[in-house]
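Understanding the architecture of this molecule
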Amino acid sequence: MSKSSNPKGRTTIEVGADGVAVITIINPPVNSLALDVLYSLKENYDQALRRDDVKAIVVIGANGKFSGGFDISAFGKLQGGTESPKPGFISVEILTDTVEAARKPSVAAIDGLALGGGLEVAMACHARISTPNAQLGLPELQLGILPGFGGTQRLPRLVGLAKSLEMMLTSKPVKGEEAVNLGLVDAVVPSNQLLDTARKWALDILECRKPWVASLHKTDKIEPLGEAREILKFARVQTRRQAPNLQHPLVVIDVVEEGIASGPRAGLWKEAEVFQSLLHSDTCKALVNVFFAQRATTKVPGVTDLGLKPRRIKKVAILGGGLMGSGIATALLLSNYPVILKEVNDKFLQAGLGRVKANLQSSVKKGKMSPEKFEKTLSLLKGALDYEDFRDVDMVIEAVIENVSLKQQIFADLEKYCPPHCILGSNTSTIDLNLIGEKTKSQDRIIGAHFFSPAHVMPLLEIVRTQKTSPQVIVDLLDVGKKIRKTPVVVGNCTGFAVNRMFFPYTQAALLLVERGADVFRIDRVITKFGMPMGPFRLCDLVGFGVAIATGGQFVMNFPERTYKSMLIPLMQEDKRAGETTRRGFYVYDDRRKASPDTEIKKYIEKAREMSGVTIDPKMEKLSDKDIIEMIFFPVVNEACRVLAEGIAVKSSDLDISAIMGMGFPPYRGGIIFWADTLGSKYICSRLDEWSRMYGDFFKPCSYLAERASKGAPLNAATDSAKSRL
């Protein structure tokens, strides 16, 4: 049994009449490999090897899950000092020198998950039996590290070099069915036959009826060295292209190469040494922050701790079949929710239904959905031109244009036609929900369900509550968010909520720089190189100038003292340049929507400069990439601090996730507040101070940031002053 005093994480051993010792990994919910579990595994192996009544060993996970991998909460211990246990040492001592080198055969019986360290334990066994839908993979790169329990050496020897690199570099698991074809598992059987088959297989190895294979010393799947080096070279080129700011994917390729060139034992030691250094890297710390932050978004103090159970949402209505409405409808249909899509006339309705159909057809084309499933899913959708079908819906999401009086009218109508328990949601991106619900008596049912475009693809759902929204409604929407595979973040009610509020200075800072002489296209290049999917001007083209002006107007109206008012976008729009849809914005677009910089915009910049009364600042042409990044993102950090101080967000980690999933902030930088804290509140505040003296109040640090800077405190610290709106 485990040394641990904690009965949660351990392994147990049970010897059957057939002489097979079954070692079970127990650490709910996913049987993660905490250090105690690994030490317990070794103890039980040693016991099985000592005992004369044990002929062979089967390793299995409790409750239908083999193991979800190494326990990430133990990273803190591993990132400790010299005293902390080294994963490489654990890997060699436990998996290579105990499990794989055992003189009694062992078989892994895999159900549910065998990910990361879980798969590495299985690969150290002498055979693997799996269920058809079990997931097997090495997703460690998503945490900024590499497989640390021998995965870089054993996976290539089991499935071949090209497939193993693909599995590690993309972090994509394979299912049992594919795993057997690859040679990763030896047989696939139904769950109810798994243990019996594994026991028999282990005895068959003992009796020489099945092969006894030590994965680490298999060579038949590895190409000759010259050919292998060509594959590795190609993988490096691809990796540099796809992840130019990341080092750890290239390190994985180096470690795989070491094992092929110098032998698997040398590969194991290189893996161990590199794992330890990656564990301390900024990328690893950032990605681990994201991992925990994402799991923490569903914990909302004063809401999710009240013991409320989510009600069942059986039917949802969407108002508006435009891009957002049809995207939201698609997301719901893909999770089997019956949906009613309402429009104002038949022409708009047919267009909306057509958009949903096209979204679903695209899943069929990509092989993610069968034609039968497509028909079944589409049959859940119904069009409507009036509120007749709204009498039995459990939730409505309004997704019409950003017009206050129109939305007020809609909510007054919904109150009349929908049942009294129905949740009244709005997909508004900027308008205050109190204003939207002003003409209703049902303010406890009104909630923001803010999706990001395209709604069926983007992972974030911003759940916006007012002071009157009932906790039950929030719990219900959190549950729907989870079921439609979104990451929900609960925020307070204000103009722009969390994501758009934080990022309104993003484009404004870029406009300020351009009017003072910086180059539009250089700004976009620098911001893209930093890791954003696109720069602020390419983003404006994508969302369209109409949306940019409408949302910008909301911020100018609500925060006049700290917005930068530029006439550049309105001037371009007047000239029928409105972004990608008109094929002309800051860029010009060809038939394939490929963007090319447009030199014509210089004349608009000059005119806007004239109207703003600003002159070219010679410093702008000499800005370094670092200056551009900071002048664009520090105002975003500053606004994020206000969002925290006002209690619009409960915790800084929610803002980190919102920035990553709502705006594409690079996850390997850990989120907006996490990234800011790597630079330090003092530094950010002093830079903003300097720019506010030069360029005005747009850059002025807020009191929360100034206070943190004066103490040298991190921005993510809890604030006592926040009068939480949650």
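Here the structure is a predicted model, which is why all the values come from computation and not from measurement. (Residues numbered from 1 in each chain as written. Predicted model: local features only at pLDDT ≥ 70, side-chain atom pairs only at ≥ 80, totals over all residues. Heavy atoms only, no water.)

**Observations concerning the confidence of the model for the protein chain**
Operational definition: pLDDT is defined as a per-residue confidence score from the predictor, taking values between 0 and 100. The contact criterion used is simple: two residues touch if any of their non-hydrogen atoms lie within 4.5 Å.
Chain-level statistics for the protein chain give a pLDDT mean of 93 and a share of 96% at 70 or above. Here residues 1–6 is modelled with pLDDT under 50, and outside its nearest four sequence neighbours on either side it reaches 15 contacts, counting other chains as well.

**Side note on the nonpolar core**
A general tendency of soluble globular proteins is for nonpolar side chains to be buried together. Basically, it comes down to this: Throughout, nonpolar core names a set of buried Ala, Val, Leu, Ile, Met, Phe, Trp, Tyr and Cys residues whose side chains join them through atoms within 4.5 Å. The buried label goes to any residue with under 20% of its type's maximum accessible area, the exposed label to any with over 50%, and the partly exposed label to all in between, with areas taken from a 1.4 Å probe on protein chains only. Helix numbers and strand numbers start at the N terminus; a helix is a DSSP run of H or I with at least 4 residues, a strand a run of E with at least 2.
Within the largest apolar cluster, 102 residues are counted, with the highest numbers of intra-cluster contacts made by Phe390, Leu414, Ile523, Phe586, Phe633 and Ile672. Tallying contributions element by element places helix H25 (residues 625–645) first for this core, with 12 residues. Filtering out sequence-adjacent residues up to four positions away, Ile523 remains in contact with Ala510, Leu513, Val514, Ala518, Pro536, Phe537, Ile628 and Ile632. Ala102, Leu165, Val185 and Ala235 belong to the second largest nonpolar core, which has 71 residues in total.

**Brief notes about the sheet that holds strand S4 (residues 106–110)**
Basically, it comes down to this: Between any two strands, pairing holds if DSSP finds at least two bridges. Axes here mean lines fitted to C-alpha atoms, for a helix over just the part in contact, with angles spanning 0 to 180 degrees between N-to-C directions.
Pairing is mixed in the open sheet, where six strands are placed in the order S1-S2-S3-S4-S6-S9. The open sheet has two edge strands with one neighbour each: strand S1 (10–15) and strand S9 (187–188). As judged from the six bridges shared by S1 and strand S2 (residues 20–26), these two strands associate in the antiparallel manner. Bridging across to S2, Thr11 finds its partner in Ile25. Packed on one face of the sheet, helix H1 (residues 35–50) meets S1, S2, strand S3 (56–61) and S4 and runs near 20° to S1.

**Some words on the UniProt feature "domain: 3-hydroxyacyl-CoA dehydrogenase C-terminal" (unreviewed entry) in the protein chain**
Put simply, the rule reads: UniProt positions are given in the numbering used here, feature names are shortened, and annotations may be inferred rather than shown by experiment.
Per the UniProt entry, the sites bearing "domain: 3-hydroxyacyl-CoA dehydrogenase C-terminal" (unreviewed entry) are residues 496–589 in this numbering. The span residues 496–589 carries 61% helix and 3% strand; its end-to-end C-alpha distance comes to 29 Å.

**Some words on the pattern of salt bridges**
How we decide: Between Lys or Arg on one side and Asp or Glu on the other, a salt bridge is scored when a side-chain nitrogen of the former is within 4 Å of a carboxyl oxygen of the latter.
The full count for this structure, using the stated rule, is 43 salt bridges. Close ionic contact of Lys529 with Asp625 constitutes a salt bridge, the shortest N to O distance being 3.7 Å. Separated by 96 residues along the polypeptide, Lys529 in helix H20 (residues 520–530) and Asp625 in helix H25 bring together distant segments of the chain. Overlapping salt bridges bring together Arg501, Glu561, Arg562, Glu639, Arg642 and Glu646 as one network.

**Some remarks on the packing of helix H6 (residues 161–170) against helix H9 (residues 225–242)**
What counts, and what does not: The labels follow the angle: roughly parallel below 35 degrees, roughly antiparallel above 145, roughly perpendicular from 65 to 115, and oblique for the rest. Handedness of a crossing follows from how the near helix is turned relative to the far one, being left-handed for an anticlockwise turn of less than a right angle and right-handed for a clockwise one. Residue type decides the class: Asp, Glu, Lys and Arg count as charged, Ala, Val, Leu, Ile, Met, Phe, Trp, Tyr, Cys and Pro as nonpolar, and the leftover types, Gly among them, as polar.
Put simply, H6 and H9 touch, their axes get as near as 10 Å, and they point 25° apart. Classified by the angle between their axes, H6 and H9 sit roughly parallel to one another. Classified by chirality, the crossing of H9 by H6 is right-handed. Here Leu161, Ala162, Leu165 and Leu169 of H6 lie close against H9, whose contacting residues are Ala228, Ile231, Leu232, Ala235 and Thr239. Of the residues belonging to the contact of H6 with H9, the class tally is eight nonpolar, one polar and no charged.

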